Structure formats: C-alpha cells, structure tokens
Amino acid sequence: MKRLFIEPIDVLIFRTERPFTARETHIAKTGVISPLTFEGSIKSKIFSEFCKRKGYSPRDFQRSKKRNETPEDFKKTKEELVGFVKQQMEKDKELKDLLEVIGYSPLEFPSKLNVLGIFFAKKGEFIEYFPIPNDVVKEENGKIVKLRPKENFQFKWMDKKVCVGIADYSQVKNVEGLMNFNDLINYLNGGCPKPTRIKYKNKELNKPYFKETRLGIELEKNKKKTVEGALYTAEFLRLIEDWGFIVWYEAPDSIPSLEGLIKLGGEGRGAISQTIEDRRVDWTKLIKGINEDKKLKLYLATSSYFNGCIPPKDKLEKVLKVNLELVAAFPGKPIYIGGYDFAMNKEKSLRRWVNSGAVYYYKFEGEIREDLSIPIKILDSDTDLRCGFLGRW
C-alpha cells in the first residue's frame, strides 16, 4: 500500500453537511474526515502545479457558471468546455495523460488515483491509528468487550434476518477512541482491542486533537466591508504536536511527486506532504483461518457508501468468490457526505454514508483465495467501499 504522511501547519476545518450562513446558523461545525477530501486536495495539488508549469489556468478547465442558469445553459456551457478541452488534448498529450489519471467528469474519465484511507499517526513512528470497531463496547463494570452474535436469536431488519449482538451486561456503551495497527491485526484475528491513550503534557487523550472555536464575521462579496449582524463561530481541529495523517492511496507510478505544500480541508489550510515507506502485510495466515471457520467479519476502516447500511452482497461475493449469509450488522450512526465537482462547477449530491468502524458478520460457503488483495475496495457508480478488512469472529 502506497503511503503519504500529511502534517498540518495550522488548524483544519472539515465542514459538516449542514448548510451554513453567518446570519442564520451562526456555527460552522467540524464534520467527518473523509478520504474524498484528501483525494481532492492531492488532485488539486497535482493539477495546479501542472497548470503552472504548462502556462494554463485551472479555470480554463472549469465550466462557466451563470447566475440563475437553466438546464439549457448548463448543457451549453458543458459542451463548450468539452470542445475546448478536447482541442487542448489533441495539442498536448501530457494534458490528456494527466486528466486520465486524476479523472475528469465532463469527459467521463474515471480516476486512477484513489485515496483508500485516512488515519491519524505520529511523525517519525508512522503507525496508523484506526477507529474502534462498532462491535467493541464498554460494559457497566467498565470492561471493554466484543459483542457476540447470538445465532439462535434472530429478528427481521432491513428485510433480512440477522442475529442480536450480546454482552454479559444489559447496558453497554460505545467505545470512543482509536486502535493502532498492531491492535487492528489482533482484532482481525479474533482479539478485543483497547483504545490507545495518547499522552499529551499531563493528560491522556483518546484522539490526537483538540477542537478550537474561532469567531468570524461575514464580508461582502468582492468587497472588504463587514456585514452588520453577521457574526459566526467556526469549529476547527488542532492536532497535537508531531501528529498528522497517514494517507493510503493507489495511483499509477507515472504521477508527479506528491511531496511538498498541500492545501487541505475548508479554507485550504496549509499542510506538508511527504512520501513514507509502503505498508506491506502478509494476510495468508488470517485468510486460512477464516476459510477453516467458514465465518468472517468485514470491518470498514473508512466511511463507505452503498445506498443503504449493508454492503452489497453480490459485489462482495464477486470479490471474495464465495456465497455469503449475513449474520449480524453493526453499521453505527449514518453520516452525510457531499462535495464539489470543480470541473462541472456544481455541488455534488448529498448522500448518506456508513461511518468508519462499521462491522458485519457473515457465514460463507466456498474458499476465499489466499492472495486476495486487502484492504478490499469496491468503487463504482453506486458503491464506494475503499478500505474493508476481513477478520475472524
């Protein structure tokens, strides 16, 4: 797995899906840290540096947007953009090659550069920290345990028969925090992870950041005048010293260097990107154990979309080459992710995603091949599963 380490220079903001206006909501809150955000930042860095070197303006490749435009206006401006870009590609093969790598929606070029996972990590150590799985809970006595699917106790949920997950106590709580890469391996082999306690000064934290609130005021568009009564507060993340993000990604070897300054999140805050050693893991022993059990669990290390809260059975079966039966599901609370299509100059549709940490238990018939590529990735028009791990019950 190819990896980058991205270290923020300043605070960061990853906005929630809620519309924000200074006069109405007053608070701009931080939301999900999505792989799509980092993928967009990396592609923006590659494309802007390419344009600067070749003498293009990035806006040359963006659809012109009219105020109160009609569907006919949209169609016309898109056709004009497509015609221009095709002309440029005929003259500049390097441009065509680049757009085919980073993706270009007006020409329906799919992206060959995909960010699969974003994980907190400490500089120098470069060990990923993953979300605690949803089947790990804290009992009334404070003990952290895994829920166990009760196979003889089923109920109907989402038109499927699934089992209840039980613990020794009737009341349990979700476990907040992160587990490191070694704990992930232990969990996938049937163990129960414990949240990492991150030492900072005289404190112990369950996540390596603080939330920081700042006050702002709206400015008139194209002017430097403030708007009366338009005060607001914005919620930022400040990572503790020496902490940043490890980015797992896949891309052709021909892409330009991803090292250097990069703009990240809302307001394009600065960060430093550096290449680090690839992550290589031999999953053969784990898969052998799963095949012996004829049971598996799927742990989603990043947020995923599949038009619901359960992974598509047919697509999973196609990847794993086995017949699956869902036994239990712990999808957690849904999240909402949208975005912005720079080339088309329009908002992306807001969709409901399953958050990272979701876990699904299956029985299966057949044999999972031992050379299976892990993490599992399924990317198409109605599925976005970027980082799925297989584990033993």
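Throughout, a residue's number is its position along its own chain's written sequence, starting from 1. Per-residue local features of the predicted model are confined to residues with pLDDT of at least 70, and side-chain atom pairs are confined, for both listing and counting, to 80 or more; whole-chain, interface and lining totals are unaffected and use all residues. With hydrogens and water stripped out, all remaining heavy atoms of the structure feed into the side-chain values.

K.L.:
Residues and numbers for the overall build of the chain, please.
P.N.:
Within the chain one finds six helices and 26 strands. When a residue's accessible area, from a 1.4 Å probe over protein chains only, is under 20% of the maximum for its type it is buried; when over 50% it is exposed; and in between it is partly exposed. A buried classification covers 45% of the 393 residues belonging to the chain. We call two residues in contact whenever any of their non-hydrogen atoms come within 4.5 Å of each other. Considering only residue pairs separated by 6 or more positions, the chain has 72% of its internal contacts joining residues 24 or more positions apart. As presented, the chain carries roughly 21500 Å² of accessible surface, and 47% of it is formed by carbon and sulfur atoms. A run of H or I in DSSP counts as a helix once it spans at least four residues, and a run of E counts as a strand once it spans at least two, with each numbered from the N terminus. Methods summary: accessible areas were calculated by the Shrake-Rupley approach with a probe of 1.4 Å, and residue burial reflects only the protein chains presented.

K.L.:
Lay out the side chain of Thr196 with the relevant residues and their values.
P.N.:
Positionally, Thr196 belongs in the loop between helix H4 (181–188) and strand E11 (198–200). Setting aside its immediate chain neighbours within four residues, Thr196 contacts Tyr129, Leu178, Met179, Asn180, Asp183, Leu205 and Asn206.

K.L.:
Can you break down H4 residue by residue, with the values?
P.N.:
Listed as buried for H4 are Phe181, Leu184, Tyr187 and Leu188. Buried residues of H4 fall within an arc of 115° about the axis and therefore sit on the same side. Polar contacts, as used here, are pairs of N or O atoms within 3.5 Å; protein pairs need one atom able to donate a hydrogen and one able to accept it. Residues neighboring in sequence count only if both atoms are side-chain atoms. A side-chain oxygen of the first residue of H4 lies 3.1 Å from the backbone nitrogen of Asn182; this N-cap is Asn180. Following H4 by one or two positions, Gly190 adopts a phi angle in the positive range, close to 105°. Within this analysis, the arc is defined by the directions that extend from the helix axis to the C-beta atoms.

K.L.:
Quick one: what's the story with the environment of Tyr340, residue by residue and with numbers?
P.N.:
Summarising the element assignment, Tyr340 is placed in strand E21 (residues 340–341). Note on Tyr340: relative accessible area 40%, which makes it partly exposed. Taking the C-alpha atoms as reference, Tyr340 lies 10.0 Å from Thr37; in sequence the two are 303 residues apart. Discounting chain neighbours no more than four positions away, the residues touching Tyr340 are Lys65, Asn345, Lys346, Glu347 and Lys348. In terms of polar contacts, Tyr340 uses its side chain to reach the backbone amide nitrogen of Lys346, at 3.5 Å.

K.L.:
Describe the pairing of strand E18 (residues 295–300), and please don't skip the residues or the numbers.
P.N.:
With five of six residues buried, E18 lies mostly within the body of the structure. Sheet topology places E18 next to strand E24 (residues 359–365); five bridges connect them, and they run antiparallel. Paired with Lys297 across the strands is Tyr361, a residue of E24. Two elements, E18 and strand E26 (residues 383–391), share four bridges in a ladder whose sense is antiparallel. At least two DSSP bridges between two strands are required for those strands to pair.

K.L.:
Which residues make up the confidence of the model for the chain, and what are the values?
P.N.:
In this model, the chain carries a mean pLDDT of 89, and residues with pLDDT of at least 70 account for 87%. Here strand E2 (residues 27–28) is the element of the chain with the lowest mean pLDDT, 63, and strand E4 (residues 129–131) is the one with the highest, 98. Residue-level confidence of the predictor is summarised by pLDDT, bounded by 0 at the bottom and 100 at the top.

K.L.:
How would you summarise the sheet that holds strand E9 (residues 172–174) if you had to cite specific residues and measurements?
P.N.:
Across the sheet, which stays open at both edges, the three strands sit in the order E6-E5-E9 with antiparallel pairing between neighbours. In the strand order of this sheet, the two ends are held by strand E6 (144–146) and E9, each with one partner. On average, adjacent strands in this sheet sit at an angle of 45° to one another, irrespective of strand direction. Bridge count for strand E5 (residues 136–139) against E9 is three bridges, and the pairing is antiparallel. Residue Lys138 lies in a different strand from E9, and its bridge partner there is Lys173. Orientation is described by axes fitted as lines to C-alpha atoms, over the contacting stretch for helices, and by angles from 0 to 180 degrees between their N-to-C directions.

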